[in-house]
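Residue-level listing of the chains:
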Amino acid sequence: MKEWKHAFKLDPAKEIDDTDLEKICESGTDGIIVGGTDNVTLDGVLDLLARVRRYTVPCVLEVSELDAVTPGFEGYLIPMVMNSQVKKWMMDLQHEAVKQYKNVMNWEEMFVEGYCILNPEAKAYKQADCRMPDADDVLAYAYMAEHFYHLPIFYLEYSGTYGDPDLVRRVKGELESTQLFYGGGIETPEQAREMAEHADTVVIGNVVYTNLKQAIKTVKAVKEITK
Ligand SMILES: CC(C)=CCC/C(C)=C/CC/C(C)=C/CC/C(C)=C/CC/C(C)=C/CC/C(C)=C/CC/C(C)=C/COP(=O)(O)OP(=O)(O)O
Ligand SMILES: O=P(O)(O)OC[C@@H](O)CO
Ligand SMILES: [Mg+2]
(Lines give C-alpha, C1' and ligand atoms only; values in the text may rest on other atoms or scores of the structure.)
(Ligands and ions follow the chains in the order given, each with its own letter.)
Protein backbone atom coordinates (compact mmCIF):
# COMPACT_ATOMS: atom_id res chain seq x y z
CA MET A 1 0.00 0.00 0.00
CA LYS A 2 3.00 2.30 0.48
CA GLU A 3 3.10 2.63 -3.31
CA TRP A 4 -0.57 3.41 -3.78
CA LYS A 5 -1.27 6.80 -5.34
CA HIS A 6 -4.90 6.15 -6.18
CA ALA A 7 -7.56 3.97 -4.60
CA PHE A 8 -11.28 3.48 -5.06
CA LYS A 9 -13.38 2.97 -1.93
CA LEU A 10 -16.34 0.69 -2.55
CA ASP A 11 -19.16 0.68 -0.03
CA PRO A 12 -20.55 -2.79 0.76
CA ALA A 13 -23.88 -1.13 1.58
CA LYS A 14 -24.26 0.15 -1.99
CA GLU A 15 -25.15 -1.67 -5.19
CA ILE A 16 -22.71 -1.84 -8.09
CA ASP A 17 -23.34 -3.96 -11.17
CA ASP A 18 -20.77 -6.26 -12.78
CA THR A 19 -20.10 -3.96 -15.74
CA ASP A 20 -19.31 -0.99 -13.53
CA LEU A 21 -17.26 -3.10 -11.16
CA GLU A 22 -15.17 -4.39 -14.04
CA LYS A 23 -14.46 -0.81 -15.15
CA ILE A 24 -13.30 0.06 -11.64
CA CYS A 25 -11.14 -3.03 -11.23
CA GLU A 26 -9.57 -2.70 -14.68
CA SER A 27 -9.11 1.08 -14.44
CA GLY A 28 -5.45 0.97 -13.48
CA THR A 29 -6.14 2.06 -9.91
CA ASP A 30 -3.60 0.87 -7.37
CA GLY A 31 -6.16 -0.73 -5.11
CA ILE A 32 -9.69 -1.15 -3.88
CA ILE A 33 -10.68 -0.33 -0.31
CA VAL A 34 -13.90 -1.99 0.81
CA GLY A 35 -15.49 0.12 3.53
CA GLY A 36 -18.29 2.36 4.67
CA THR A 37 -19.72 3.93 7.78
CA ASP A 38 -23.14 2.34 8.13
CA ASN A 39 -25.04 -0.81 7.14
CA VAL A 40 -21.78 -2.71 6.58
CA THR A 41 -22.64 -6.40 6.83
CA LEU A 42 -20.65 -9.60 6.40
CA ASP A 43 -22.85 -10.55 3.42
CA GLY A 44 -22.15 -7.22 1.72
CA VAL A 45 -18.41 -7.50 2.33
CA LEU A 46 -18.25 -11.13 1.13
CA ASP A 47 -20.20 -10.29 -2.01
CA LEU A 48 -17.84 -7.46 -2.98
CA LEU A 49 -14.75 -9.48 -2.08
CA ALA A 50 -15.79 -12.41 -4.27
CA ARG A 51 -16.60 -10.14 -7.21
CA VAL A 52 -13.42 -8.03 -6.94
CA ARG A 53 -11.40 -11.23 -6.72
CA ARG A 54 -12.17 -11.93 -10.41
CA TYR A 55 -9.54 -9.27 -11.14
CA THR A 56 -5.92 -8.86 -10.17
CA VAL A 57 -6.32 -5.48 -8.44
CA PRO A 58 -5.27 -5.54 -4.75
CA CYS A 59 -8.17 -5.30 -2.32
CA VAL A 60 -8.15 -4.35 1.37
CA LEU A 61 -10.91 -4.14 3.97
CA GLU A 62 -11.35 -1.02 6.08
CA VAL A 63 -12.89 -2.34 9.27
CA SER A 64 -15.81 -0.34 10.63
CA GLU A 65 -17.84 -3.31 11.90
CA LEU A 66 -16.19 -6.19 13.68
CA ASP A 67 -18.88 -8.69 12.65
CA ALA A 68 -18.14 -7.95 8.99
CA VAL A 69 -14.46 -8.96 9.05
CA THR A 70 -13.51 -11.95 6.93
CA PRO A 71 -10.24 -13.52 5.74
CA GLY A 72 -9.31 -13.19 2.08
CA PHE A 73 -8.25 -9.55 1.78
CA GLU A 74 -4.67 -8.51 1.09
CA GLY A 75 -4.79 -6.19 4.08
CA TYR A 76 -6.95 -4.68 6.81
CA LEU A 77 -7.18 -0.98 7.59
CA ILE A 78 -8.08 -0.22 11.20
CA PRO A 79 -9.41 3.32 11.75
CA MET A 80 -8.93 5.28 14.96
CA VAL A 81 -10.61 8.67 14.94
CA MET A 82 -8.17 11.19 16.37
CA ASN A 83 -10.61 14.12 16.49
CA SER A 84 -13.38 12.14 18.16
CA GLN A 85 -14.46 13.48 21.54
CA VAL A 86 -15.26 9.97 22.71
CA LYS A 87 -12.58 7.47 23.62
CA LYS A 88 -14.61 4.62 22.13
CA TRP A 89 -13.71 5.66 18.55
CA MET A 90 -10.02 6.14 19.29
CA MET A 91 -9.29 3.29 21.63
CA ASP A 92 -12.12 1.19 23.05
CA LEU A 93 -13.50 -0.54 19.94
CA GLN A 94 -9.99 -1.42 18.85
CA HIS A 95 -9.13 -2.56 22.40
CA GLU A 96 -12.16 -4.86 22.49
CA ALA A 97 -11.25 -6.33 19.09
CA VAL A 98 -7.67 -7.00 20.15
CA LYS A 99 -8.85 -8.59 23.42
CA GLN A 100 -11.10 -10.98 21.53
CA TYR A 101 -9.12 -11.71 18.41
CA LYS A 102 -5.44 -11.10 19.03
CA ASN A 103 -4.62 -14.76 18.53
CA VAL A 104 -5.96 -14.77 14.97
CA MET A 105 -4.62 -11.36 13.98
CA ASN A 106 -1.75 -11.26 11.57
CA TRP A 107 -0.10 -7.92 12.24
CA GLU A 108 1.75 -8.04 8.94
CA GLU A 109 -1.54 -7.40 7.17
CA MET A 110 -3.05 -4.82 9.57
CA PHE A 111 -2.55 -1.08 9.07
CA VAL A 112 -3.84 1.38 11.63
CA GLU A 113 -5.11 4.69 10.23
CA GLY A 114 -5.21 7.89 12.25
CA TYR A 115 -8.40 9.52 10.96
CA CYS A 116 -9.05 13.23 11.13
CA ILE A 117 -12.61 13.85 9.90
CA LEU A 118 -13.24 17.40 8.70
CA ASN A 119 -16.76 17.43 7.25
CA PRO A 120 -19.31 17.99 10.04
CA GLU A 121 -22.05 16.67 7.74
CA ALA A 122 -20.31 13.32 7.14
CA LYS A 123 -21.90 10.24 8.68
CA ALA A 124 -18.55 9.18 10.13
CA TYR A 125 -18.07 12.64 11.76
CA LYS A 126 -21.46 12.37 13.46
CA GLN A 127 -21.14 8.71 14.38
CA ALA A 128 -17.73 9.17 15.97
CA ASP A 129 -18.83 12.36 17.77
CA CYS A 130 -16.03 14.43 16.30
CA ARG A 131 -15.07 18.01 17.07
CA MET A 132 -13.96 20.41 14.36
CA PRO A 133 -10.24 21.06 14.65
CA ASP A 134 -8.58 24.21 13.32
CA ALA A 135 -5.59 23.98 10.98
CA ASP A 136 -3.05 23.94 13.80
CA ASP A 137 -4.97 21.13 15.51
CA VAL A 138 -4.93 19.10 12.30
CA LEU A 139 -1.18 19.58 11.90
CA ALA A 140 -0.67 18.46 15.50
CA TYR A 141 -2.83 15.35 14.92
CA ALA A 142 -0.70 14.49 11.90
CA TYR A 143 2.47 14.99 13.93
CA MET A 144 1.09 12.80 16.72
CA ALA A 145 0.08 10.10 14.24
CA GLU A 146 3.69 9.85 13.14
CA HIS A 147 5.70 10.62 16.25
CA PHE A 148 3.48 9.49 19.17
CA TYR A 149 1.70 6.53 17.65
CA HIS A 150 4.00 5.59 14.75
CA LEU A 151 0.97 4.99 12.56
CA PRO A 152 1.54 3.87 8.96
CA ILE A 153 -1.33 6.07 7.70
CA PHE A 154 -2.81 9.48 8.50
CA TYR A 155 -6.20 9.93 6.79
CA LEU A 156 -7.47 13.43 6.08
CA GLU A 157 -11.15 12.63 5.64
CA TYR A 158 -13.65 15.07 4.13
CA SER A 159 -16.10 12.28 3.17
CA GLY A 160 -18.83 13.80 0.97
CA THR A 161 -17.26 17.24 0.47
CA TYR A 162 -14.17 18.58 -1.25
CA GLY A 163 -11.49 19.68 1.17
CA ASP A 164 -8.84 22.36 1.44
CA PRO A 165 -5.82 21.59 -0.79
CA ASP A 166 -3.65 24.04 1.13
CA LEU A 167 -4.29 22.20 4.37
CA VAL A 168 -3.45 18.92 2.65
CA ARG A 169 -0.17 20.51 1.52
CA ARG A 170 0.63 21.67 5.05
CA VAL A 171 -0.22 18.27 6.54
CA LYS A 172 2.05 16.58 4.02
CA GLY A 173 4.83 18.93 5.16
CA GLU A 174 4.38 17.62 8.70
CA LEU A 175 4.87 13.96 7.75
CA GLU A 176 7.96 12.00 6.81
CA SER A 177 7.29 8.28 7.14
CA THR A 178 3.53 8.19 7.76
CA GLN A 179 1.56 7.90 4.53
CA LEU A 180 -0.99 10.66 3.89
CA PHE A 181 -4.38 9.56 2.57
CA TYR A 182 -6.78 12.22 1.29
CA GLY A 183 -10.43 11.35 0.72
CA GLY A 184 -13.56 13.39 0.20
CA GLY A 185 -15.66 14.98 -2.50
CA ILE A 186 -13.41 14.28 -5.47
CA GLU A 187 -15.70 14.42 -8.50
CA THR A 188 -13.38 15.44 -11.34
CA PRO A 189 -9.91 14.54 -12.65
CA GLU A 190 -8.81 18.11 -11.87
CA GLN A 191 -9.74 17.75 -8.20
CA ALA A 192 -8.03 14.37 -8.01
CA ARG A 193 -4.88 15.91 -9.49
CA GLU A 194 -4.99 18.88 -7.12
CA MET A 195 -5.14 16.67 -4.03
CA ALA A 196 -2.62 14.18 -5.42
CA GLU A 197 -0.08 17.00 -5.73
CA HIS A 198 0.18 16.82 -1.93
CA ALA A 199 -1.34 13.61 -0.59
CA ASP A 200 0.50 10.32 -1.04
CA THR A 201 -2.75 8.51 -1.79
CA VAL A 202 -6.10 9.88 -2.92
CA VAL A 203 -9.25 7.90 -2.24
CA ILE A 204 -12.25 8.17 -4.55
CA GLY A 205 -15.58 7.06 -3.10
CA ASN A 206 -19.04 8.38 -3.84
CA VAL A 207 -18.42 9.55 -7.42
CA VAL A 208 -18.09 5.87 -8.38
CA TYR A 209 -21.83 5.63 -7.71
CA THR A 210 -22.86 9.00 -9.16
CA ASN A 211 -20.62 9.48 -12.22
CA LEU A 212 -18.52 6.45 -13.07
CA LYS A 213 -16.98 8.03 -16.18
CA GLN A 214 -15.53 10.89 -14.15
CA ALA A 215 -14.44 8.45 -11.46
CA ILE A 216 -12.43 6.41 -13.95
CA LYS A 217 -10.76 9.56 -15.31
CA THR A 218 -9.30 10.31 -11.87
CA VAL A 219 -6.92 7.36 -12.23
CA LYS A 220 -5.01 8.81 -15.17
CA ALA A 221 -5.06 12.29 -13.63
CA VAL A 222 -3.36 11.01 -10.49
CA LYS A 223 -0.90 8.71 -12.27
CA GLU A 224 0.35 11.53 -14.48
CA ILE A 225 1.74 13.45 -11.53
CA THR A 226 5.44 13.19 -10.92
CA LYS A 227 6.41 14.72 -7.59
C1 LIG B 1 -10.00 -13.08 9.67
C2 LIG B 1 -9.18 -11.96 10.08
C3 LIG B 1 -8.29 -11.31 9.11
C4 LIG B 1 -9.31 -11.57 11.32
C5 LIG B 1 -8.73 -10.38 11.85
C6 LIG B 1 -9.14 -10.29 13.25
C7 LIG B 1 -9.91 -9.07 13.56
C8 LIG B 1 -11.34 -9.21 13.92
C9 LIG B 1 -9.33 -7.86 13.50
C10 LIG B 1 -9.98 -6.59 13.86
C11 LIG B 1 -8.92 -5.64 14.24
C12 LIG B 1 -9.40 -4.39 14.90
C13 LIG B 1 -8.51 -3.82 15.97
C14 LIG B 1 -10.56 -3.80 14.50
C15 LIG B 1 -11.12 -2.54 15.04
C16 LIG B 1 -12.59 -2.66 14.97
C17 LIG B 1 -13.40 -1.40 14.93
C18 LIG B 1 -14.86 -1.62 15.00
C19 LIG B 1 -12.87 -0.15 14.84
C20 LIG B 1 -13.66 1.12 14.80
C21 LIG B 1 -13.65 1.72 13.45
C22 LIG B 1 -14.17 3.13 13.46
C23 LIG B 1 -13.48 4.10 14.35
C24 LIG B 1 -15.21 3.48 12.65
C25 LIG B 1 -15.77 4.84 12.61
C26 LIG B 1 -16.25 5.27 11.25
C27 LIG B 1 -15.15 5.41 10.26
C28 LIG B 1 -13.93 6.16 10.59
C29 LIG B 1 -15.34 4.83 9.08
C30 LIG B 1 -14.33 4.88 8.02
C31 LIG B 1 -14.92 4.81 6.66
C32 LIG B 1 -15.58 6.02 6.10
C33 LIG B 1 -15.39 7.38 6.65
C34 LIG B 1 -16.34 5.78 5.03
C35 LIG B 1 -17.14 6.82 4.35
O36 LIG B 1 -18.41 6.65 4.72
P37 LIG B 1 -19.61 6.26 3.76
O38 LIG B 1 -20.35 5.14 4.38
O39 LIG B 1 -19.13 6.08 2.36
O40 LIG B 1 -20.48 7.55 3.87
P41 LIG B 1 -21.52 8.06 2.79
O42 LIG B 1 -22.58 7.01 2.67
O43 LIG B 1 -22.04 9.37 3.37
O44 LIG B 1 -20.79 8.24 1.52
O1 LIG C 1 -16.92 9.35 -0.86
P2 LIG C 1 -15.96 10.47 -1.02
O3 LIG C 1 -16.51 11.80 -0.63
O4 LIG C 1 -15.29 10.47 -2.36
O5 LIG C 1 -14.80 10.18 0.05
C6 LIG C 1 -13.93 9.10 -0.14
C7 LIG C 1 -13.48 8.51 1.17
O8 LIG C 1 -12.53 9.33 1.80
C9 LIG C 1 -14.60 8.16 2.11
O10 LIG C 1 -14.10 7.51 3.22
MG1 LIG D 1 -19.52 6.89 0.64
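Described in the following lines is the structure provided in the data block.

Reading the values: the criteria
Residues numbered from 1 in each chain as written. Chains lettered and ligands numbered in written order. Predicted model: local features only at pLDDT ≥ 70, side-chain atom pairs only at ≥ 80, totals over all residues. Heavy atoms only, no water. Helix = DSSP H or I, 4+ residues; strand = E, 2+ residues; numbered from the N terminus. Rg over C-alpha atoms; globule rule 2.2 N^0.38 Å. Buried < 20%, exposed > 50% of the residue type's maximum accessible area, 1.4 Å probe, protein only. Contact = heavy atoms within 4.5 Å. Areas by Shrake-Rupley, 256 points an atom, 1.4 Å probe, with all protein chains shown as cover. Core = buried A, V, L, I, M, F, W, Y, C linked by side-chain atoms within 4.5 Å. Near = heavy atom within 4 Å. Polar contact = N/O pair within 3.5 Å; in protein donor to acceptor, adjacent residues only side chain to side chain. Nonpolar A, V, L, I, M, F, W, Y, C, P; charged D, E, K, R; others polar. Phe/Tyr/Trp six-rings, centres within 6.5 Å; stacked < 30°, edge-to-face > 60°.

Assigned secondary structure in the chain consists of nine helices and eight strands. On C-alpha atoms alone, the chain measures out to a radius of gyration of 16 Å, which is about the 17 Å that the 2.2 N^0.38 rule sets for 227 residues. Each principal axis of the C-alpha distribution contributes one length, and for the chain these read about 40 × 40 × 30 Å. Residue burial in the chain is summarised as follows: out of 227 residues, 51% are buried. Counted over contacts in the chain with a minimum sequence separation of 6, partners at least 24 positions apart contribute 70%. In the form shown here, the chain has an accessible surface area of approximately 11,200 Å², with 50% of it arising from carbon and sulfur atoms.

Counting residues in hydrophobic clusters, the biggest one holds 60 residues, and the most contacted among them are Leu 10, Ile 32, Val 52, Phe 154, Leu 156 and Val 171. Broken down by element, this core gets its largest block of residues, five residues, from helix 5 (residues 135-147). If we ignore the near neighbours within four places in the chain, the residues touching Val 171 are Val 138, Leu 139, Ala 142, Phe 154, Leu 156 and Leu 180. Grouped together as the second largest cluster of nonpolar side chains are 18 residues, Trp 4, Ile 117, Ala 124 and Val 203 included.

Turning our attention to unusual backbone geometry. Phi is mostly negative for residues that are not glycine, and the peptide bonds are mostly trans. Not every positive phi belongs to a glycine, and Asn 39 is a case in point at roughly 55 degrees. Looking at where Asn 39 falls in the secondary structure, it is placed in the loop between strand 2 (31-34) and helix 2 (42-52). Its relative accessible area of 62% is what places Asn 39 among the exposed residues. Even without being glycine, Asp 129 reaches a positive phi, approximately 50 degrees. Relative to the helices and strands, Asp 129 is located in the loop between helix 4 (123-127) and helix 5. Judged by relative accessible area, which is 37%, Asp 129 ranks as partly exposed.

Taken together, Lys 9, Tyr 155, Glu 157, Ser 159, Gly 160, Gly 183, Gly 184, Gly 185, Val 203, Gly 205 and Asn 206 form the complete shell of residues around ligand 2. Measuring from an oxygen atom of ligand 2, one finds a backbone N or O atom of Gly 184 at 3.4 Å. Contact between ligand 2 and Gly 185: an oxygen atom at 2.8 Å from a main-chain N or O atom of the residue. When isolated, ligand 2 has an accessible area of 310 Å², and the protein chains bury 93% of it. Class assignment for the residues of the shell around ligand 2 results in two nonpolar, seven polar and two charged.

Okay, the site of ligand 1 next. Around ligand 1 sit 28 residues in total, of which Thr 37, Glu 62, Lys 123, Glu 157 and Asn 206 are the nearest. One of the side-chain nitrogen or oxygen atoms of Thr 37 is found 2.7 Å away from an oxygen atom of ligand 1. One nitrogen or oxygen atom from the side chain of Lys 123 is found 2.6 Å from an oxygen atom belonging to ligand 1. Expressed as a share of its isolated accessible area of 1,100 Å², the protein-covered part of ligand 1 is 91%. Where the shell around ligand 1 is concerned, the elements lending two or more residues are strand 4 (75-81), helix 3 (92-101), strand 5 (110-117) and helix 4.

Two aromatic rings, taken as a pair, are described by how far apart their centres are and by the angle between their planes. Applying the stated criterion across every chain, the model contains five aromatic pairs. On the numbers, 6.2 Å between centres and 50 degrees between planes, the contact of Phe 148 with Tyr 149 is tilted. Between Tyr 158 and Tyr 182, the ring centres sit 5.8 Å apart and the planes meet at 40 degrees, which makes this aromatic pair tilted. Within this pair, whereas Tyr 158 is found in the loop between strand 6 (153-157) and helix 6 (165-174), its partner Tyr 182 is found in strand 7 (residues 179-183), the two being separated by 24 residues in sequence.

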